[in-house]
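Survey of secondary and tertiary structure
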Amino acid sequence: MGGGVRYWVKVGFTEQRPVIPDQYVSLVELEAEDDTDAFMTAFHMVYGRPKVEMVTRCEILEVEL
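The structure presented is a predicted model; accordingly, all values stated were derived computationally and were not measured.

A few points about the overall build of the protein
Of the regular secondary structure elements, the protein holds one helix and three strands. Taken over the C-alpha atoms alone, the protein extends approximately 40 × 20 × 15 Å along its principal axes. Out of the 65 residues in the protein, the part that is buried amounts to 26%. For the protein, the share of sequence-separated contacts (at least 6 apart) that also reach a separation of at least 24 residues comes to 59%. About 4200 Å² of surface is accessible on the protein, with carbon and sulfur atoms providing 52% of the total. The averaged location of the 12 negative side-chain charges in the protein is 11 Å from the averaged location of its 6 positive side-chain charges.

Put into structure tokens, the structure is as follows:
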């Protein structure tokens, strides 16, 4: 990975309606400039996957400087 801070973000999502909060969970590891960048990048990485109806949670689990 390049520069920035390493984040591990837990992203909950559902594949159906009505929404089932955190029906599935993905752990995303990424480098970002700040917390907002980490949240938004992880959100879009999961939301862009096939079958994902809605992201239901984004939570930073760990940050490595």
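Considerations on helix α1 (residues 35–47)
Taking 1.5 Å as the rise per residue, α1 with 13 residues should run 18 Å; its terminal C-alpha atoms sit 18 Å apart, in good agreement. Here α1 has its buried residues at Ala38, Ala42 and Val46. Buried residues of α1 fall within an arc of 50° about the axis and therefore sit on the same side. Next to the buried residues of α1 lie β1 (5–14), β2 (24–32) and β3 (54–64). The N-cap residue of α1 is aspartate 34: its side-chain oxygen and the backbone nitrogen of threonine 36 are 3.2 Å apart.

The rules behind each value
- Residues numbered from 1 in each chain as written.
- Predicted model: local features only at pLDDT ≥ 70, side-chain atom pairs only at ≥ 80, totals over all residues.
- Heavy atoms only, no water.
- Helix = DSSP H or I, 4+ residues; strand = E, 2+ residues; numbered from the N terminus.
- Buried < 20%, exposed > 50% of the residue type's maximum accessible area, 1.4 Å probe, protein only.
- Contact = heavy atoms within 4.5 Å.
- Areas by Shrake-Rupley, 256 points an atom, 1.4 Å probe, with all protein chains shown as cover.
- Lys, Arg positive; Asp, Glu negative; His and termini not counted.
- Charge placed at Lys NZ, Arg CZ, Asp CG, Glu CD.
- Expected span 1.5 Å × (residues − 1).
- Arc of directions from axis to C-beta.
- Polar contact = N/O pair within 3.5 Å; in protein donor to acceptor, adjacent residues only side chain to side chain.

Taken by themselves, the reported measurements are silent on function.
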